[in-house]
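Inside the fold
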Amino acid sequence: QVQLVESGGGLVQAGGSLRLSCTASGLDFANYIMAWFRQAPGKEREFVAQIIWSGVGITYADAVKGRFSISRNNSRNKVYLQMNGLNPEDTAVYYCAAKADSTNVKFDYWGQGTQVTVSS
């Protein structure tokens, strides 16, 4: 079974940092594009960051540029999201996603999400 499991979420004060991890299993991780999305209550899901197979190609949403960093370790089947300078607007459930085909808009697999709550 393909499984993506996020970890690292929690409660943090404004201005603080969190590092999210996503561990993948059941897939050829190195051949998948990985991404992070987030969804706040009452809001639509939004793209956060994406990293291609090699880690050379990285894309960020404007809202997180300069604050968040995505990285991956293919030998460990992990993708990370380092979040710095957090503010309450970053509060959301953060999801890890994977897709094998770069031409597809949709991602093939999703994790269950990890809650990030930023207090003022």
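Up top is the structure.
Just so it is clear, the model here is predicted, and its values are computed rather than measured.

Some details on the environment of Y109
For Y109, the position within the fold is in strand β10 (residues 109-110). Sequence separation between Y109 and D62 is 47 residues, and the spatial gap between their C-alpha atoms is 24 Å. Excluding residues within four positions of it along the chain, Y109 makes contact with V2, L4, L27, Y32, C96, A97 and A98.

Describing the nonpolar core
Formed by 28 residues in total, the largest nonpolar core has its most connected members in M34, W36, V79, L81, M83 and Y94. Mapped by element, the contributors of at least two residues to this core are β3 (18-25), β4 (33-39), β5 (46-51), β7 (68-73), β8 (78-83), β9 (92-99) and β11 (114-119). Ignoring anything within four residues of it in the chain, the contact list for L81 reads L18, R19, L20, W36, V48, A49, F68, S69, I70 and Y94.

Points about the sheet that holds strand β1 (residues 3-7)
Strand order across the open sheet formed by four strands is β1-β3-β8-β7, with antiparallel pairing between neighbours. Strands at the two margins of the open sheet, each flanked by one partner only, are β1 and β7. Strand after strand, the sheet turns through a mean of 15° between neighbouring axes, direction not considered. Relative to β3, β1 is paired through five bridges, and the arrangement is antiparallel. For L4, the partnering residue across the bridge sits in β3 and is A24.

Thoughts on the pattern of salt bridges
Scanning the entire structure with this criterion turns up four salt bridges. E46 is the partner of R38 in a salt bridge, and the nearest nitrogen-oxygen pair spans 2.6 Å. In this structure R38 comes out as buried when scored by relative accessible area, which is 5%. By relative accessible area, which is 34% here, E46 ends up partly exposed. Each of R38, E46, R67 and D90 takes part in one network of salt bridges that share partners.

Focus on the state of the cysteines
Applying the stated criterion across every chain, the model contains one disulfide. Paired by a disulfide, C22 and C96 hold their sulfur atoms 2.1 Å apart. Looking down the S-S bond of the C22 and C96 bridge, the torsion is -80°, so its handedness is left-handed. Placement of C22 in strand β3 and of C96 in strand β9 is noted, with a sequence separation of 74 residues between them. By relative accessible area, C22 is classed as buried at 0%.

Some points on the packing of aromatic side chains
To describe a pair of aromatic rings, you give the distance between the ring centres and the angle between the ring planes. Under the counting rule described, the total for this entry stands at five aromatic pairs. Summarising the aromatic geometry, the rings of F37 and F47 are spaced 5.6 Å apart at their centres and angled 75° between planes, so their arrangement reads as edge-to-face. With F37 in strand β4 and F47 in strand β5, this pair connects stretches of sequence that are 10 residues apart. Assessed through its relative accessible area of 27%, F47 is described here as partly exposed. Seen from their ring centres, F37 and W110 are 4.9 Å apart, and the 55° between their planes marks the pair as tilted. Highlighted residues: F37 in strand β4 and W110 in strand β10, separated in sequence by 73 residues. For F37, a relative accessible area of 10% puts it in the buried group. Of the residues examined, W110 reaches a relative accessible area of 29% and is grouped as partly exposed. Cluster of aromatic residues (ring-pair linked, three or more members): F37, F47, F107 and W110. The lysine or arginine in question, R72, covers the ring of F29, its NZ or CZ lying 4.6 Å from the ring centre.

Each value, and the rule that gives it
Residues numbered from 1 in each chain as written. Predicted model: local features only at pLDDT ≥ 70, side-chain atom pairs only at ≥ 80, totals over all residues. Heavy atoms only, no water. Helix = DSSP H or I, 4+ residues; strand = E, 2+ residues; numbered from the N terminus. Contact = heavy atoms within 4.5 Å. Core = buried A, V, L, I, M, F, W, Y, C linked by side-chain atoms within 4.5 Å. Buried < 20%, exposed > 50% of the residue type's maximum accessible area, 1.4 Å probe, protein only. Pairing = 2+ DSSP bridges. Axes fitted to C-alpha atoms, helices over the stretch in contact; angles between N-to-C directions. Salt bridge = Lys/Arg side-chain N within 4 Å of Asp/Glu carboxyl O. Disulfide = S-S within 2.5 Å. Phe/Tyr/Trp six-rings, centres within 6.5 Å; stacked < 30°, edge-to-face > 60°. Lys NZ or Arg CZ within 6 Å of the ring centre and 35° of its normal.

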